[in-house]
Amino acid sequence: MFGKLRQFISHESGRPQVRFVVVFLAISVFLFSVYSFPYPEGSWARHWSDAYLRAYAHLAGCVLSIFERGIVLSGQNIVGRYSLRIIRGCDAVDAQILLVAAVLASPLHSWRWRIGGAIAGALLVLVANVARICSLYYIGLFLPSYFDLFHHEVWPLVLIAFAGGVFVLWSRMAQGHGEVGRAAA
Amino acid sequence: MRQPSGPWSAFLWRFVPLLVAVLCPWPGLARGFSGAFAGVCNAFAGVDLGWDAEVRFVPHASAEHPWWVLLSVTNVLTGQHFSIPVDTRTAAYIRLAVFVALAVALPIWKTRRGLQAVGVGFAILVAVCALTVAMPLLQILGMVHVLALGVRTQSALSIGILTLLSYPSMAFAIPGLVWLLTMRLAAAPGVA
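Rules used in this analysis
Residues numbered from 1 in each chain as written. Chains lettered and ligands numbered in written order. Predicted model: local features only at pLDDT ≥ 70, side-chain atom pairs only at ≥ 80, totals over all residues. Contact = placed C-beta atoms within 7 Å. Helix = DSSP H or I, 4+ residues; strand = E, 2+ residues; numbered from the N terminus. Nonpolar A, V, L, I, M, F, W, Y, C, P; charged D, E, K, R; others polar. Pairing = 2+ DSSP bridges. Axes fitted to C-alpha atoms, helices over the stretch in contact; angles between N-to-C directions. Core = buried A, V, L, I, M, F, W, Y, C linked by C-beta atoms within 7 Å. Buried ≥ 20, exposed ≤ 12 C-beta atoms within 10 Å, placed from the backbone. Expected span 1.5 Å × (residues − 1).

Caption draft 1: Representation of the interface of chain B and chain A. Listed as interface residues are 16 residues of chain B and, on the opposing side, 16 residues of chain A. Elements that contribute at least two residues to the side of chain B that touches chain A include exactly α5 (151-166) and α6 (170-187) of chain B. Classifying every residue of the side of chain B that touches chain A gives nine nonpolar, six polar and one charged.

The following block contains the structure:
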């Protein structure tokens, strides 16, 4: 049974697209499970998760303070003329997980390209998400009636489209560098 | 500078206006969809599964949240009751609308195999929407002690609810991924 599974997951199956879907789903489920697990209060994982969100808030707040005076950072809160709180899901982790899973599951590229692409892709999504948070601050300040629209629909769509675009770009770059097929060798 | 390829450009010119049109808050759309959503869910909730529970989906009658449906569960033996709002726009409408916009913009359904693939894709999407509603329902059934849920099951439900319902980008990612699968099914020899 495990031999068949290994053959299926490996490149010998001759069905790279099916393999891609299975590995993509497996990595996505694993990463979403690790990130979204309801860790108990006081656990190291909860501490780490909260610290990550505080760091995210500080990063976005520092960028925002370039354009806006009087920004105060308090834990996961960005306080200024408008206030934002960074919680789980505000960190674009969904787009990052899907992008990383797609890059790592891609069977036609070498591991060097896959790991590099996953790291670079996650960083690019992070940059886009910081831009999202900064834009939401100003939308909340000047166009408060449009905040929910941009928060729940426009920016999530943009982030997913961006992640998809990064994946396509990465695939083309890997092809351009002759990385296609090496992983199977 | 490299020009965007023709088919992609044509696709985007069709898809983007369609997406904007289907996502616009047309008058009556929210109440109509949430009412239909509640009706379908109540039809399934009426199936007797032997649970000592009364499950009801009631459209939220407020102007502030016209897309909300109140999911209400009562343990008929103990009288324990719990209800939560379900945002039908996030849980179902956006997903179905994005899929329909993709299907209209890229009419792979014009061939027999394509039509079957779109049908399979749509069924998968509806199943994911059903799962999105079923998970909070199961969690509430556990909370009112109709079902005895273990720690692992509760953790799995929490992960599923966060992933499928709470992360906003998933409302767009799920129909996009299902559409890619649909295109693959339409192209695959021997499938459909």
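Caption draft 2: Up close: the sheet that holds strand β3 (residues 81-87) of chain B. All names here are of chain B. With antiparallel pairing, the three strands of this open sheet are ordered in space as β1-β2-β3. Every other strand in the sheet has two partners, leaving β1 (53-59) and β3 as the edge strands with one partner each. Strand-to-strand twist of the sheet, defined as the mean angle between neighbouring strand axes without regard to direction, takes the value 20 degrees. Of the strands in this sheet, β1 and β2 (68-75) touch helix α2 (residues 29-45), which is tilted by about 170 degrees from β1. Across the face of the sheet, helix α4 (residues 112-143) comes into contact with β1, β2 and β3 while running at roughly 165 degrees to β3.

Caption draft 3: Summary view of the nonpolar core. In this structure, Ala95, Leu98, Leu99, Leu159 and Ala163 of chain A together with Val98 of chain B are the most contacted members of the largest nonpolar core, which totals 68 residues. Setting aside residues up to four positions removed in sequence, leucine 99 of chain A forms contacts with Gly121, Ala122, Val125, Ala163, Val166 and Phe167 of chain A. Of all hydrophobic cores here, the second largest spans ten residues; its members include Tyr56, Leu84, Cys90 and Tyr137 of chain A.

Caption draft 4: Helix α5 (residues 111-142) of chain A, seen in detail. All names here are of chain A. Here α5 contains 32 residues, and its C-alpha end-to-end distance of 46 Å stays within 8% of the 46 Å for a straight helix at 1.5 Å per residue. When we look at burial in α5, the residues that qualify are Trp113, Arg114, Gly117, Ala118, Gly121, Val125, Asn129, Arg132, Ile133, Tyr137 and Ile139. On its buried face, α5 sits against α3 (44-67), β2 (77-79), β3 (83-85), α4 (93-105) and α6 (147-176).

Caption draft 5: Structural view of the pairing of β1 of chain B. Residue and element names in this part refer to chain B. Here β1 shows a buried face lined by Ala53, Val55, Phe57 and Pro59 and an unburied face lined by Glu54, Arg56 and Val58. As defined by bridge partners, β1 adjoins β2 across seven bridges and the pair is classed as antiparallel. Looking across to β2, one finds that valine 55 is bridged to valine 73.

The quantities given are spatial measurements derived from coordinates; they are silent on function.
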